[in-house]
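Residue-level structural notes
Listed below, chain by chain, are the residues.
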Amino acid sequence: MTRWIVAVLLMLAACGARAEPSIAFYYGAEPPFDELKAFDIAVVEPEHVPDPKVFAGSHTQPFAYVSVGEVEPQRPYAKDIPQSWRVGVNSAWGSTVIDQSQPDWPHFFVEHVIAPLWHAGYRAFFLDTLDSYQLFAKTPQQRQRQEAGLAAVIKALKQRYPDAKLILNRGFEILPQVHKDVFAVAAESLFRGWDPATRTYHPVTAADRDWLLARLKQVRTEYRLPVIVIDYVAPAKRALARETAQRISQLGFIPWVSDHDLDMLGVGSIEVMPRKVLMLYRGDGTEYGLMDAEIHRLAATPLNYLGYVADYRDVTQPLPDYPLVGRYAGIVTWFGGRIAQGPKVRDWLLHQIADGMKVAMFENFGFEPATAAAQLGLNVGAAGSAPRHLTISSQSKLMGFEAPVFPDRDAFLPLRADDAQPLLTFTADSGAVMDAAALTAWGGYVLAPYAVTGILRDTTARWEVQPIEFLRRALRLPAMPVPDVTTENGRRLMLVHIDGDGFANRAQMPGGHFAPEMLLKRILTRYRVPTTVSVIQGEVAANGLYPKLSPQLEAIARRILALPYVELASHTFSHPFRWNAAEAAGREHQSAEDGEALPIPGYTFNLKTEITGSIDYINRRLAPPGKKVKVLLWSGNTNPGADAVGLAYADGVGNMNGGDTLITRSDDSLTEVAPIGIPKGRWFQVYAPNQNENVYTNDWHGPYYGFQRVIETFELTDKPRRLKPIDIYYHMYSGERTASLAALDKVYRWALAQPVMNIYASEYIAKVLDFRRMVIARAGDAWIVRGNGALRELRAPPGLGYPDPGTSRDVAGYSNYDKQRYLHLTGGAARIVFTPQTPRAPYLAEANGRITHFERDGTGLRLGLAGHLPLTFALGNAAGCSVQADGRTLQGRGNDIRHYRLKQHAVKSIAVVCH
C-alpha cells in the first residue's frame, strides 16, 4: 500500500469513519516483520527496529514506542536527564518517573527523544506512561502542574513536527488541551489484564471496566478519535484472545490482544494466519550442511506445497525465547537420532506445547521419550531385546504411501500414545505394543524407519508416510488460500535458463561451430521464448582459460545476449565446483585447487571477482545497450555460503540453481522433489525448479538424448499435484551433439504445447521471494492478502467456495485444476470473501500475460494484459457478453469458458460488457 492509501485510512479513522485501521503492537527483540506487514499500523520498540525503512514499500506504517512519563536506564538519553527531574521509581518496570512540570522538559523530550527517531525515519509515535505522574503527584495542584507539562510536551512535539501522528496511551486528563493534535487514543486492560506484581493474567473487575469504558466512549463521541484497546491473555489461550478481540470490536474499538510483554503476534481486528514453520535439526557446525539435511531435503517440500515457509533452527544454537503462538504455524523436528542437546530441546518443546504450539516429529524424539511421557501422553516401556516376531496390528491409509511398511524388529520399543490416533501399530510376540506413528493432542510423530525408507539421495528412498497429509493433520493446518509459485492466472509457469558451461566447446558435427552457435541456430532462434542465458567469464573472457578464442567467443555471446527475448545472467568467473572448498581458499588468499573451480592461470580465488566482477564483465563487454545482468546462476555443487549469496543481493541481481528435483517414472517419489530454496544466513538461495541435462545423460557420458526424460519430471510435478513450474534448464554444451539438440527440440515442443505462461528466471526468483514474505490474515469472513506483487496466484481447497466478485477486491478470477482452486490476483494485495454459490459475473479464467490493471464495471469488467508472447486468455460467464480489446471486437470460442487469441504481447484494455 502506498503512503497516500495509508494516509486515507488514517484520515478515515480520525474522522470516525468505519474504515479504521488494523493495529499490532510488538515490542520484542526479533519482530516478525513479514507478519506485521499485514497490519495498517505496527507499534514497535525502536531499540529493536532502529531503521523503520524495513516497512518501506509495504502497507504498514510503523509507530515508534516512546515513554513520556518514565525513562528506562538503557535509553541513550537517560544519562542526560538531570537528577532534579527524577521524582520517583516505578518498581514494577525498573524505570524512573520524570517530573513533567520542568520548564525545559518539553524541549529536551523533542530534541533527545523524538528528533533521533524522526531522523531515523519514524513519522508516527505511540506515547506511553502518560499517567505515571500519578505515582507521586497526590494533590490536585500537583496533578494540574504535571498535566500542564504533559500537554506542553505534546504541543512542542507537534510544533516541531507538525506531520507527526500521535497515539496516546490513556492521557484522558490532557485530551481537552491536545485532542486536535492526536490521531488515536489507546488504553490497556478493558476485559483482560496483567498484574506485574503477581505475574498473573486476570479478568478486569466490573468496576474498573465500567470506569475505563466510560472514558473510552467519551474519547470516541466527544473527541471523535479512534480508540484502541490492548488486552492481555496468556499465549496458550488463543481462543480466549480471539473472543476478547471480538468483544472489543463489538464495542466499536480497535482491538489488540497479546501477552503481557507484547512480544508475540496477538489477535487484532485481523488475525495473521502464520505461514512459517519452525524446523529443528542438528547441524554439522558449518553453513553448508543444511542442504543435505533430511529436514530440508525431505520435509520442506511438502510444507512448500501446503503453502508454508520453512524456518530452520540448529538445536546446537540458542532456540527462540519469545512466544511462537501466532508467529509460527507449528514446529517440525528431524534429528535422525538421539542428540546431545536432547534434554534442552525436550524442555523447550514442552514449553511450546504448553503454549499451544503443535509439533510434528520425524524419525526420533531426540530425547528419551520416557522422560516426557506424562506431558506427551505416552506410555513407554523398557527397551529390551528385539522381539522374535512383530506384526502390524493396525495401519492408517496415511502409511504405505510410496513403499509398503515392513516391521523392523530392531526398532521396536514398547510405546503407546494415549488419547491419540495411531497411524501405525505393531504387536510383538510378547504382547507388547508399539504405536510407531500417531496423531496426538500436541501434534504427531512418525518414528524411524517408518517415515522414509532407504538412504537419502539413493534411488530407493521412498516416503512410507504420506508427508503432506501427515503434516497437515499433525500441525492442524487450517483450510485457507495459500500462495503458489507454479502458476499465474491459471497457467502453469514456464521458464528457460542456460548455464554457461561448454561455451568454448566445439560442436561434434560438420562446420566447426562452437556449441553455443548451434544452440543459437537450432534452438534459440526457433523457440523465441523468454530465456535466461549465462556466461562464465573464465571461459569467454581474455583473462580466462582461452584467451586466443576470446574474440570469437565474446562475439557469439554478444549475438545471443542481444536477442530481445534473452535475459542476461552470470555463471560466475571460475565456475566453483565445491563452493565450501573454493570459499575457504578465498579466505586464505589461495588459488582453488583442482576440482574446486576452473584452473584459470594466475587466478587467486575471490568471491568479489566471482560474483560482482563477472557481472561487471558481462555488463561492460557483452551486454547490448539497455540490458544488464539480472541473475546469478550458481555453479558446481550449487551450495554457496552466505557471503556469496549476500554479494548477489548487494549487486542487485536474483540468484538461482540447486535443489536436484529429479523425479521420473523410474524414480517416482516425492523424495526426489526439492523445496523452493534454502536460506543462507539472512539471504535466500532460490532453487531451480528442476535439474538440467547433465543428470539425465549420466554426467554427459550418454545417452545424449537423455534430456528428453525431463518431460517425465514435468508431468510428475504437475499431477497428481502441481509442485513445480516447467523449467527447461540446460548447458551450452547441449549444442555439441545432434542427439542433445534433438532432445531439446522435443522438450521445447512438449512444453509449448501445454497451457503455460512464459516468464524469465528473474521473475520466477521474485515470486519465490514473495512467497516467503507474503502474509495471509483473517478478518471475519474475509481473507486479507499482502505481498509485494511479484506472486499473484493463490491456491485454495474448493471446499472454501468461490471468490465472491461482489465483496472480494483485487481478484480477477479463478480456475480449477487437480482438485484445487487457483485464484488470480491483480496485484500484491487482495481481500477475498468466499461464497458457496458459483458466481454469475464474468471473470478471468486464465491468461498467459500479467494483469496490468483490473476493475469491475457494473455487470462487466475491464482489464489489461501484458506478456512475453502473443496473448491468449479465457473468460468465464462471458457467453452473452461483448468483448473488445483496445476497441476491437473479439470473437471467442467455447461456451462456459470462452477463449481468445491476440497477435500482440500486450493490450491496454479488454472491455467485457454484459447485458
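Computed from a predicted model, the values in this text were never measured in an experiment.

Quick notes on the rules
Residues numbered from 1 in each chain as written. Predicted model: local features only at pLDDT ≥ 70, side-chain atom pairs only at ≥ 80, totals over all residues. Heavy atoms only, no water. Helix = DSSP H or I, 4+ residues; strand = E, 2+ residues; numbered from the N terminus. Rg over C-alpha atoms; globule rule 2.2 N^0.38 Å. Buried < 20%, exposed > 50% of the residue type's maximum accessible area, 1.4 Å probe, protein only. Contact = heavy atoms within 4.5 Å. Areas by Shrake-Rupley, 256 points an atom, 1.4 Å probe, with all protein chains shown as cover. Lys, Arg positive; Asp, Glu negative; His and termini not counted. Charge placed at Lys NZ, Arg CZ, Asp CG, Glu CD. Salt bridge = Lys/Arg side-chain N within 4 Å of Asp/Glu carboxyl O. Pairing = 2+ DSSP bridges. Right-handed = clockwise from strand over helix to strand, strands pointing away. 1 Å grid on protein atoms, 1.4 Å probe; cavity = no way out; pocket = protein on both sides within 12 Å on 5 of 7 lines; lining within 4 Å. Points joined across faces, edges and corners; volume = space filled by probe spheres on them. Nonpolar A, V, L, I, M, F, W, Y, C, P; charged D, E, K, R; others polar. Phe/Tyr/Trp six-rings, centres within 6.5 Å; stacked < 30°, edge-to-face > 60°. Polar contact = N/O pair within 3.5 Å; in protein donor to acceptor, adjacent residues only side chain to side chain.

**Thoughts on the overall build of the protein**
Helix and strand counts for the protein stand at 21 helices and 53 strands. For the protein, whose C-alpha radius of gyration is 31 Å, the value lies close to the compact-globule estimate of 29 Å for 915 residues. When its C-alpha atoms are laid out on the principal axes, the protein stretches across 100 × 80 × 70 Å. Looking at the protein as a whole, 59% of its 915 residues qualify as buried. Here the analysis covers contacts within the protein between residues at least 6 apart in sequence; of these, 70% occur between residues at least 24 apart. Carbon together with sulfur atoms contributes 51% to the accessible area of the protein, which is approximately 35,900 Å² in total. Taking the average location of the 97 positive side-chain charges in the protein and that of its 93 negative ones, the two points are 7 Å from each other.

**Some words on the pattern of salt bridges**
Pairing is possible between side chains that carry opposite charge, provided their charged atoms lie close to one another. Across all of its chains, the model carries 33 salt bridges by this definition. Residues glutamate 715 and arginine 665 are paired through a salt bridge, measuring 2.7 Å at the closest nitrogen-oxygen approach. Taken together, the positions of glutamate 715 in helix 19 (residues 710-716) and arginine 665 in the loop between strand 34 (654-656) and strand 35 (677-680) put the pair 50 residues apart, joining distant regions of the chain. The partly exposed category is assigned to glutamate 715, whose relative accessible area is 30%. Residue arginine 722 is joined to aspartate 718 by a salt bridge in which the shortest nitrogen-to-oxygen separation is 2.7 Å. You can call aspartate 718 buried: its relative accessible area is 12%.

**Looking at the pairing of strand 19 (residues 359-363)**
Taken across its 5 residues, strand 19 has 5 buried, putting it largely inside the fold. With 4 bridges joining them, strand 18 (residues 330-334) and strand 19 adopt parallel strand pairing. Bridge pairing in strand 19 links threonine 333 to methionine 361. Between strand 18 and its parallel partner strand 19, the chain crosses via helix 9 (residues 342-354), and the hand of that crossover is right-handed. Examined bridge by bridge, strand 19 and strand 25 (residues 443-447) share 5 bridges and lie parallel to one another. By the bridge assignment for strand 25, methionine 361 is matched with tyrosine 445.

**Thoughts on the side chain of glutamine 537**
By the element assignment, glutamine 537 lies in helix 13 (residues 537-540). Glutamine 537 sits in the buried class, given a relative accessible area of 8%. Apart from the residues lying within four places of it in its own chain, the contact partners of glutamine 537 are Asn543, Thr572, Phe573, Gly613, Ser614 and Tyr617.

**Re the layout of surface pockets**
Reported here for the largest pocket is a volume of approximately 1,600 Å³. Looking at the largest pocket, it is lined by 48 residues, and the ones nearest its centre are Asp34, Gly681, Arg682, Trp683 and Arg772. Broken down by element, the lining of the largest pocket gets its largest block of residues, 6 residues, from strand 17 (residues 309-314). Residue composition of the lining of the largest pocket, grouped by class: 19 nonpolar, 11 polar and 18 charged. Considering only enclosed or pocket space, the second largest pocket measures out at about 1,300 Å³ in volume. Looking at the lining of the second largest pocket, the elements that each hand over two or more residues are strand 3 (61-67), strand 7 (124-128), helix 6 (206-222) and strand 12 (227-232). Per-element tally for the lining of the second largest pocket: the top contributor is helix 6, with 4 residues.

**Side note on the side chain of glutamate 464**
Looking at the element boundaries, glutamate 464 is found in the loop between strand 27 (462-463) and helix 11 (467-474). Buried and unpaired, glutamate 464 has no salt bridge, with arginine 462 as the nearest side chain of opposite charge at 11 Å. Aside from chain neighbours lying at most four places away, what touches glutamate 464 is Leu398, Met399, Gly400, Phe401, Ala403, Pro404, Val405, Pro449, Tyr450, Ala451, Val452 and Thr453.

**Here we look at the packing of aromatic side chains**
Overall, the coordinates contain 36 aromatic pairs when judged by the stated rule. Judged by centre distance (5.4 Å) and plane angle (50 degrees), the rings of phenylalanine 365 and tyrosine 445 are tilted. Pair noted here: phenylalanine 365 is in the loop between strand 19 and helix 10 (373-376) and tyrosine 445 is in strand 25, with a separation of 80 residues, a long-range link. Neither residue differs from the other here; phenylalanine 365 and tyrosine 445 are each classed as buried.

**A closer look at unusual backbone geometry**
With an omega of 5 degrees, the peptide bond running from glycine 702 to proline 703 counts as cis. One can find proline 703 in the loop between helix 18 (693-696) and helix 19. The omega angle of the peptide bond from lysine 719 to proline 720 is 10 degrees, so this bond is cis rather than trans. For proline 720, the position within the fold is in the loop between helix 19 and strand 37 (726-731). Phi at threonine 572 is positive, roughly 80 degrees, even though this residue is not glycine. Note that threonine 572 resides in the loop between strand 32 (566-570) and helix 15 (579-587).

**Digging into the environment of asparagine 816**
Tracing the backbone through its elements, the reader meets asparagine 816 in strand 43 (residues 811-817). Classification of asparagine 816 by relative accessible area gives partly exposed; the value is 48%. In this structure, the C-alpha to C-alpha distance between asparagine 816 and alanine 796, residues 20 residues apart in sequence, is 9.8 Å. Reaching out from asparagine 816, the side chain makes a polar contact with the side chain of arginine 821 at a distance of 2.7 Å.

**Considerations on the sheet that holds strand 15 (residues 271-272)**
Pairing in this open sheet of 5 strands is antiparallel, and the strands run 15-39-40-45-42 from one edge to the other. On the outer flanks of this sheet lie strand 15 and strand 42 (802-803), each paired with one strand and no other. Bridge count for strand 39 (residues 775-779) against strand 40 (residues 782-786) is 5 bridges, and the pairing is antiparallel. Along strand 40, the bridge assignment pairs valine 775 with arginine 786.

**What to know about the sheet that holds strand 4 (residues 70-71)**
What the 3 strands build is an open sheet, ordered 4-6-5; its pairing is antiparallel. At either margin of the open sheet sits one strand with a lone partner, and together these are strand 4 and strand 5 (86-90).

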